[in-house]
Amino acid sequence: MKGCRWRKLPFLWMVLFLVVSLGACTSMKEAKKQAENAKLPVIEGAKYVGSEACADCHEDVVEDFGRTIHGRIAGFEVRPSMEAEGCEACHGPASKHIEEEDPAYILNPAELEPAQASAICSRCHTDGETMDWRGSEHALNDVSCVKCHAVHGNKDKVAYRDKLGYRHKNVKDALLREPEPELCYTCHKDVMAKTNYPNHHPVKEGKMVCSECHNPHGSMVQPLLRTDERKNELCLHCHARYQGPFTFEHTPVVEDCTICHDPHGSVADNLLKQNEPYICLQCHHIHFHAALQPDPGSGFATAPHKYAGQMSIMTRCTQCHPAVHGSDLPSLSI
């Protein structure tokens, strides 16, 4: 009977794993469903009056808005079939707001629930960069569009250039509240710390920004990576020399670059998660060169080398194996 109980353990673990996995999938589906079904408040009795009426009180806002990508679109509207246009395309019909002069009678994305605020933007932004927004990590963690974007385009909020003066692609029309990477660092403090490590991608030097590798609006590859294929494809876009194909491949390289590298920053050289040889020893046991001493007569290793410990720990593996990403030359066989 005792043997039967032990044999049932793997089955029980499998059932537990499936229950946890299904629970996680269900919670993500529910969150996505809530985002898709987010309904905006209805302003009863309000009618569309046009942006000119808004300019009577909000002249500076309307002027700034006219310089943004939204304002430069002729006849900017949510859908051709709707009479909403200009300011009212996002803020809803304004007649009652104008009559009562009460902010309660206008939609203000900054005061709506995150899913509701994003639902306004999602009526137009449904493809391209924003295609996967509703299932993205940001949307599922209640980060709304207006958390990062200043739709009115106030000059003090729009990030045309970063602090070092570099101008990045598409930044002018992104309507960011702060320049990258400062905007991302508002939440991602752990990443900010890593970019100050001795080895890091040149983000703080202004030569690249977070959105060159990550799509903050969603991706099929986590964590929000700009690729629909393997994670490695993103790395190989710049580091093409490691792509191969090689006759002798290094399995972790083929599987996932981040097994050995931390892309945001590392204390070790070359963005390695640990220094050599410790990172190699995670998978490879002490090398036979260092562990055994060859017999002068037969040539075979027969006894431990007296300095085996020091040799294995104080020698960098890449001194003999420099092509760690793959090679067409075989290693020494035993």
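Remember, it's a predicted structure, so these values are computed and weren't measured experimentally. Throughout, residues of each chain are indexed from 1 in the direction in which the sequence is written. The predicted origin of the model limits local features to residues at a pLDDT of at least 70 and limits the giving and counting of side-chain atom pairs to 80 or more, whereas totals for whole chains, interfaces and linings rest on all residues. Values shown for side chains rest on all heavy atoms present in the structure; no hydrogens or waters enter the calculation.

Re the overall build of the protein
Here comes step 1: Segments assigned H or I by DSSP are reported as helices when at least four residues long, segments assigned E as strands when at least two residues long, and all are numbered from the N terminus. In terms of regular secondary structure, the protein is built from 15 helices and 2 strands.
Here comes step 2: Exposure categories follow from relative accessible area, calculated using a 1.4 Å probe and restricted to protein chains: below 20% of the type maximum is buried, above 50% is exposed, and the middle band is partly exposed. The buried share of the protein, taken over its 334 residues, is 28%.
Here comes step 3: Any two residues whose heavy atoms approach within 4.5 Å at even a single point are treated as in contact. Across the protein, the fraction of contacts at a sequence separation of at least 24, relative to all contacts at a separation of at least 6, is 55%.
Here comes step 4: Carbon together with sulfur atoms contributes 58% to the accessible area of the protein, which is approximately 22,800 Å² in total. All accessible areas in this document rest on Shrake-Rupley with a 1.4 Å probe, and a residue is counted as covered only by the protein chains that are shown.

Some details on the environment of Thr247
Here comes step 1: For Thr247, the location among the structural elements is in the loop between α11 (231–236) and α12 (251–255).
Here comes step 2: Along the primary structure Thr247 and Leu329 are separated by 82 residues, whereas in three dimensions their C-alpha atoms are 7.6 Å apart.
Here comes step 3: Ignoring sequence-local partners within four residues, the contact set of Thr247 consists of Ser327 and Asp328.

Topic: the side chain of Ser118
Here comes step 1: In this fold, Ser118 is placed in helix α6 (residues 114–122).
Here comes step 2: Classification of Ser118 as buried rests on a relative accessible area of 4%.
Here comes step 3: Ignoring anything within four residues of it in the chain, the contact list for Ser118 reads Trp133, Val143, Ser144 and Cys145.

Overview of the confidence of the model for the protein
Parts of the model with low pLDDT should not have their predicted coordinates read in detail.
Here comes step 1: The predicted model of the protein has a mean per-residue pLDDT of 79, with 72% of residues at 70 or higher.
Here comes step 2: For every residue, the predictor reports its confidence as pLDDT, a number between 0 and 100. Looking at the elements of the protein, mean pLDDT is at its lowest for helix α1 (residues 2–36), recorded as 54, and at its highest for helix α10 (residues 189–194), recorded as 96.
Here comes step 3: Contacts for the low-pLDDT stretch residues 157–171, under 50 throughout, to residues beyond four places or in other chains number 32 contacts.

Side note on the environment of Phe65
Here comes step 1: Within the fold, Phe65 resides in helix α3 (residues 59–65).
Here comes step 2: Through-space distance from the C-alpha of Phe65 to that of Gly86 is 9.4 Å; in sequence the pair is 21 residues apart.

Some remarks on α6
Here comes step 1: Inspection of α6 places Gln116, Ala117, Ser118, Ala119, Ile120 and Ser122 among the buried residues, and these make up the whole buried set.
Here comes step 2: The secondary structure elements touched by the buried residues of α6 are α4 (88–91) and α8 (145–148).

A few points about the pattern of salt bridges
Opposite charge on two side chains makes pairing possible when the charged atoms of those side chains draw close.
Here comes step 1: Basic side-chain nitrogens of Lys or Arg form a salt bridge, by our definition, when they fall within 4 Å of a carboxyl oxygen of Asp or Glu. Summed over all chains, the structure comprises 6 salt bridges.
Here comes step 2: With a shortest N-O distance of 2.9 Å, Arg230 and Glu233 are connected by a salt bridge.
Here comes step 3: Residue Arg230 is classed as partly exposed on the basis of its relative accessible area of 36%.
Here comes step 4: Owing to a relative accessible area of 24%, Glu233 belongs among the partly exposed residues under this scheme.
Here comes step 5: Residue Asp269 pairs with Arg316 through a salt bridge whose shortest N-O separation is 3.9 Å. On the criterion of sequence distance, the pair formed by Asp269 in the loop between α12 and α13 (278–281) and Arg316 in the segment after α15 (308–314) is long-range, its members being 47 residues apart.
Here comes step 6: Taking the relative accessible area as the measure of exposure, Asp269 reaches 38% and is therefore partly exposed.
Here comes step 7: Each of Asp269, Glu276 and Arg316 takes part in salt bridges that share partners, so that together they form one network.

What about a nonpolar patch on the surface?
Here comes step 1: Any residue with relative accessible area above 30% and no salt bridge may belong to a patch, with like charges joined within 9 Å and the nonpolar Val, Leu, Ile, Met, Phe, Trp and Tyr side chains within 5 Å. Where nonpolar side chains cluster on the molecular surface, the patch consists of Tyr278, Leu281, Ile313 and Met314 and spans about 410 Å² of accessible area.
Here comes step 2: Listed by contribution, the elements that provide at least two residues to the nonpolar patch are α13 and α15.
Here comes step 3: Mapped onto the elements of the fold, Met314 is located in helix α15.

Focus on unusual backbone geometry
Here comes step 1: In the segment running from Glu180 into Pro181, the intervening peptide bond is cis, with an omega of 5 degrees.
Here comes step 2: Of note, the amide linkage connecting Gln222 to Pro223 takes the cis form, showing an omega dihedral of -5 degrees.
Here comes step 3: Note on placement: Pro223 falls in the loop between α10 and α11.

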